[in-house]
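A structural walkthrough
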Amino acid sequence: MTSGTSWERFFRNWPKEVPPRGFVVTSYDEQIPFDGFLSAEGMVLLERKTPDNSGARKVLLAYENIVALKFADIIKNKAFEAAGFAGRIKD
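Since this is a predicted model, take the numbers as computed values, not measurements.

Of regular secondary structure, the protein possesses two helices and six strands. Reading the protein from its N terminus to its C terminus gives the helix and strand order α-β-β-β-β-β-β-α. Here the protein holds 91 residues, and the buried ones make up 30% of them. Excluding contacts between residues fewer than 6 apart, the proportion of contacts in the protein whose partners are at least 24 apart in sequence is 45%. A distance of 7 Å separates the average location of the 13 positive side-chain charges in the protein from that of its 12 negative side-chain charges.

See below:
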């Protein structure tokens, strides 16, 4: 399984308790803030609240170019269990 496949699975099974917003870190060393998304096979469409420096409000990104996902919201670890995460982290 590739990392792109893992990211696609996560976005397609986004945990209900997790707000659909955050920051995608790309293989281009770019951090893309998003406040909503649409998932398709192999790609995700990220929605920005405000345009970037070039005026873009939407970003279409291949899952294989995602290296990390960051969250600014306070989210209980239990919310990620629905996405298949397991382990022991103090909540």
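Attention shifts here to the nonpolar core. If you look at the biggest cluster of nonpolar residues, it comprises 18 residues, and the most contacted ones within it are F11, V24, L46, I66 and L69. Counting residues per element, the ones that place at least two in this core are helix 1 (3-12), strand 2 (31-35), strand 4 (43-47), strand 5 (58-62), strand 6 (66-70) and helix 2 (78-81). Top contributing element to this core by residue count: helix 1, with three residues. Look past the residues within four positions of I66 in its chain and what remains in contact with it is W7, F11, V24, V25, V44 and L61.

Spatially, three strands are ordered 2-1-6 in an open sheet, and the strand pairing comes out antiparallel. What marks the edges here is a single partner per strand, and that holds for strand 2 and strand 6. Taken over all neighbouring pairs, the strand axes of this sheet differ in orientation by 25° on average, direction set aside. With four bridges joining them, strand 1 (residues 21-26) and strand 6 adopt antiparallel strand pairing. Looking across to strand 6, one finds that V24 is bridged to L69. Lying on the sheet, helix 1 is in contact with strand 1, strand 2 and strand 6; it crosses strand 6 at an angle near 35°.

Rules used throughout
- Residues numbered from 1 in each chain as written.
- Predicted model: local features only at pLDDT ≥ 70, side-chain atom pairs only at ≥ 80, totals over all residues.
- Heavy atoms only, no water.
- Helix = DSSP H or I, 4+ residues; strand = E, 2+ residues; numbered from the N terminus.
- Buried < 20%, exposed > 50% of the residue type's maximum accessible area, 1.4 Å probe, protein only.
- Contact = heavy atoms within 4.5 Å.
- Lys, Arg positive; Asp, Glu negative; His and termini not counted.
- Charge placed at Lys NZ, Arg CZ, Asp CG, Glu CD.
- Core = buried A, V, L, I, M, F, W, Y, C linked by side-chain atoms within 4.5 Å.
- Pairing = 2+ DSSP bridges.
- Axes fitted to C-alpha atoms, helices over the stretch in contact; angles between N-to-C directions.

These values are about where atoms sit, not about what they do.
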